[in-house]
Amino acid sequence: MDILTMPGQVAGGKVWIVGAGPGDVDLLTVKAYRVLQSADVVLFDALVSSEIMALIPASAEKIAVGKRAGLHSAAQSEINQLLVTKAYTRKNVIRLKGGDPFIFGRGGEELQTIVEAGLDFEVIPGITAASGTAAYAGIPLTHRDYAQGVSFITGHCQLASRPMDWRGYANPNNTLVVYMGILNANIIKTGLLDAGRAPDTPVAIVSKATTQDQRTFIGTLSNIEQLAADPELVMPALMVIGDVVALADSLNWFKPQVVQSTNLTKQIK
Ligand code: SAH
């Protein structure tokens, strides 16, 4: 869809692409908080917590444009158009996104539209789910005794044009963080095992990380499907795969509710 602008007219507004962080309201940046105070209109995702929404002035127009797996409440092209249209009529147009806008957030696509439309803009980073989850679940993603690197990957796995690099992800010295992977746990497991990653590689699935409802489900790659199917697991949830996950046992400090999901017995204090 082509984006409609108003030829000959300059949009007076500024678009702010803002990361809201992973959930805990205190993880919002000071800059994001400041900009939200001056919002005239906020286009927000379903992932943005209600506590953060409560910080937005009552006078600001709030437009939900969230997407959930399989349920598109607004097509991306509509969101893009809305950002541009609002910039012609409002001063501060905030696009508020969960986590960081440039990590699996389509912030890049939205920014391309904004640049094409010639709008004034700024991007404010947010704490991405991987960082929030790692900190609050006690999983140092690159602890040097266990990992030389970390990869953030999408578990959506459906792009035939860009197949998953399972061989690369199977490197035992690399921590994997899988966004949007819960529904594809079997594909992730098969891909990694077939590429040689050890079946006993520790796995954590952390749901609603950094919020009071955070739950951590610990297991191994061989039983990742059972972890992902746990009835207590609430979206959004993130997978962390790698030896560093074993550290959660001793480093976990927040809302101590680690559930050993495979044998479903052990609660770690
Ligand atoms: N831009 C966001 C990611 C959007 S993709 C960011 O930087 O965090 C959405 C995925 O992020 C979810 O499917 C889930 O895997 C992950 N996610 C986001 N918030 C989360 C949270 N509080 N706890 C666990 N996973 C989360």
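Each residue is numbered by its place in its chain's sequence as written, counting from 1. The predicted nature of this model means local features are confined to residues of pLDDT at least 70 and side-chain atom pairs, given and counted, to a pLDDT of 80 or more, with totals for whole chains, interfaces and linings taken over all residues.

**Student:** Could you clarify how one ought to interpret the overall build of the protein chain in this entry?
**Tutor:** By the criteria applied, helices consist of DSSP H or I runs no shorter than four residues and strands consist of E runs no shorter than two, each listed in order from the N terminus. For the protein chain, the count of helices and strands is 9 helices and 14 strands. Counting other C-beta atoms within 10 Å of a residue's own tells you its class, since 20 or more makes it buried, 12 or fewer makes it exposed, and anything in between is partly exposed; those C-beta atoms are placed from the backbone. Looking at the 269 residues of the protein chain, the share that counts as buried comes to 43%.

**Student:** Sorry, what's going on with the site of the ligand here?
**Tutor:** The full set close to the ligand counts 23 residues, and Gly99, Gly105, Thr128, Ala129 and Ala209 are the nearest of them. Looking at the shell around the ligand, the elements with two or more residues in it are helix H5 (129–137), strand S10 (202–207) and strand S12 (237–241). In terms of residue class, the shell around the ligand is made up of 12 nonpolar, 8 polar and 3 charged. Note that the domain bounds reflect an automated or database-derived domain assignment. Inspection of the shell around the ligand shows a minimum of three residues originating in each of domain 1 (14–124) and domain 2 (129–268). We count a residue as near a molecule or strand when its backbone-placed C-beta atom lies within 6 Å of that partner. Note on residue categories: nonpolar means Ala, Val, Leu, Ile, Met, Phe, Trp, Tyr, Cys or Pro, charged means Asp, Glu, Lys or Arg, and polar means any other residue, Gly included.

**Student:** Explanation requested: helix H4 (residues 107–116) in the structure shown.
**Tutor:** Since one α-helical turn is 3.6 residues long, residues separated by three or four positions face the same way. Within H4, the full set of buried residues consists of Gly107, Glu110, Leu111 and Ile114. Relative to the axis of H4, the buried residues are bounded by an arc of 100 degrees and lie together on one face. The outward face of H4, more than 90 degrees from its buried face, is lined by the exposed residues Gly108 and Gln112. Among the structural elements, strand S1 (14–19), helix H3 (76–89), strand S6 (92–97) and strand S7 (120–124) are those in contact with the buried residues of H4. Where H4 ends, the next residue or the one after it, Gly118, has phi of about 75 degrees, a positive value. The arc in question is the one traced by the directions running from the helix axis out to the C-beta atoms. Throughout, a residue-residue contact means that the two C-beta atoms, derived from backbone geometry, are no farther apart than 7 Å.

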